[in-house]
Amino acid sequence: MRRLSLVLALASLVGVVPALRADSIPYSNVGTPANPITYVADATGNVTGYFVGSSAGDNSVIRMIDITSGYTSSYFFPNHATAPGSSQNFGAVNAGDILVFELYDMTSGFHLSTDPSNNPDGVTHGYGTAFSGGLIGSNMFPAGTYVGFEDTPWFDYDYNDNQFLFTNVSIAPTPEPGSLLLLGTGILGVAGTLHRKMFAAK
């Protein structure tokens, strides 16, 4: 029984593998809602945000919500009054904390989130991708996680209305359905073998 527990524990550690993704900045699948993403804190320390740019008529600002600790930052980066490359400390997090980013569209009054369950259209309003550092537009940015926001529900889903780069933030790996199916089949096989051996020993 102890061996079965060990097998299941090891399987849970190796069973989560990153999905293959074609990352691009800006969002390349305009008109189609982006896939939901879970954001996590890399390390204990501060999350720094960098304003990348905006292609929106509406006025908006952004904040960070640490789901794990309950901390919520102030709103930062008014999109029509912030210079690209400007940085801001969004606050302290602990390694592994689950993070959500929220845009407040001051023109329409909508609060729109990277968490689809918080949005009226049920889709994510933030497109996220890993960024290795370098130029976005004409400004240099450090390595981190890029997040582009869509500021209007049920609209064009171009995810360029308010754009940011965050350091000390990563995208959590997404399990591949095929890999999980194979892993589950393997676990059932091992469990069955151990079960038969235990009864044969009696």
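For clarity, every value in this text was computed on a predicted model and none was experimentally measured. (Residues numbered from 1 in each chain as written. Predicted model: local features only at pLDDT ≥ 70, side-chain atom pairs only at ≥ 80, totals over all residues. Heavy atoms only, no water.)

Peer 1: Help me get a handle on the overall build of the protein chain, residues and values and all.
Peer 2: Scanning the protein chain from N- to C-terminus turns up two helices and 12 strands. The long-range fraction of contacts in the protein chain, counting pairs at least 24 apart against all pairs at least 6 apart in sequence, stands at 69%. If you sum the accessible surface of the protein chain, you get close to 10,500 Å²; carbon and sulfur atoms cover 60% of it. (Helix = DSSP H or I, 4+ residues; strand = E, 2+ residues; numbered from the N terminus. Contact = heavy atoms within 4.5 Å. Areas by Shrake-Rupley, 256 points an atom, 1.4 Å probe, with all protein chains shown as cover.)

Peer 1: Mind laying out the pairing of strand β2 (residues 45-53), listing which residues take part and the relevant values?
Peer 2: Where β2 meets strand β4 (residues 87-93), six bridges bridge the pair, whose relative direction is antiparallel. Bridge assignment links Val47 to a residue of β4, and that residue is Gly91. Where β2 meets strand β11 (residues 162-167), five bridges bridge the pair, whose relative direction is antiparallel. For Gly53, the partnering residue across the bridge sits in β11 and is Gln163. (Pairing = 2+ DSSP bridges.)

Peer 1: An account of the sheet that holds β11 is requested, with residue identities and associated values reported.
Peer 2: Across the sheet, which stays open at both edges, the five strands sit in the order β4-β2-β11-β10-β7 with antiparallel pairing between neighbours. A single partner strand is all that each edge strand has here, and the edge strands are β4 and β7 (126-131). Along the sheet, successive strands turn relative to each other by an average axial angle of 25 degrees, direction set aside. (Axes fitted to C-alpha atoms, helices over the stretch in contact; angles between N-to-C directions.)

Peer 1: Mind laying out the confidence of the model for the protein chain, listing which residues take part and the relevant values?
Peer 2: Any region with low pLDDT has predicted coordinates that should not be read closely. For the protein chain, the average pLDDT comes to 82, and 74% of its residues sit at 70 or higher. Counting interchain partners and residues more than four positions distant, the pLDDT-below-50 stretch residues 1-22 has 26 contacts. Confidence over residues 176-188 falls short of pLDDT 50; this stretch has 10 contacts with residues more than four positions distant or in other chains. (pLDDT = per-residue confidence, 0-100.)

Peer 1: I'd like to hear about the packing of aromatic side chains, residue by residue, with values.
Peer 2: One pass over the full model with this rule turns up 15 aromatic pairs. Measuring from centroid to centroid gives 5.7 Å for Tyr39 and Phe101, while their planes differ by 80 degrees, and the two rings are edge-to-face. Of this pair, Tyr39 sits in strand β1 (residues 39-41) while Phe101 sits in strand β5 (residues 98-105), placing them 62 residues apart in sequence. Judged by relative accessible area, Tyr39 falls into the buried class, the value being 1%. (Phe/Tyr/Trp six-rings, centres within 6.5 Å; stacked < 30°, edge-to-face > 60°. Buried < 20%, exposed > 50% of the residue type's maximum accessible area, 1.4 Å probe, protein only.)

Peer 1: Give me the nonpolar core: which residues, what numbers.
Peer 2: By size, the foremost hydrophobic cluster in this structure holds 19 residues, and its most contacted members are Val47, Ile62, Phe90, Leu99, Phe101 and Phe166. Listed by contribution, the elements that provide at least two residues to this core are β1, β2, β3 (60-66), β4, β5, β10 (144-149) and β11. If you tally residues by element for this core, the top one is β5, at three residues. Ignoring any residue separated from it by four or fewer positions in sequence, one finds Phe166 in contact with Val47, Thr48, Gly49, Phe90, Phe101, Gly144, Thr145 and Val147. Among the nonpolar cores identified, the runner-up in size contains 12 residues, and Tyr127, Ile136, Tyr146 and Leu165 belong to it. (Core = buried A, V, L, I, M, F, W, Y, C linked by side-chain atoms within 4.5 Å.)

Peer 1: Help me get a handle on the side chain of Thr114, residues and values and all.
Peer 2: Within the secondary structure, Thr114 sits in the loop between β6 (111-113) and β7. Ignoring any residue separated from it by four or fewer positions in sequence, one finds Thr114 in contact with Ile37, Tyr39, Val100, Phe101, Thr124, His125, Gly126, Val147 and Phe149.

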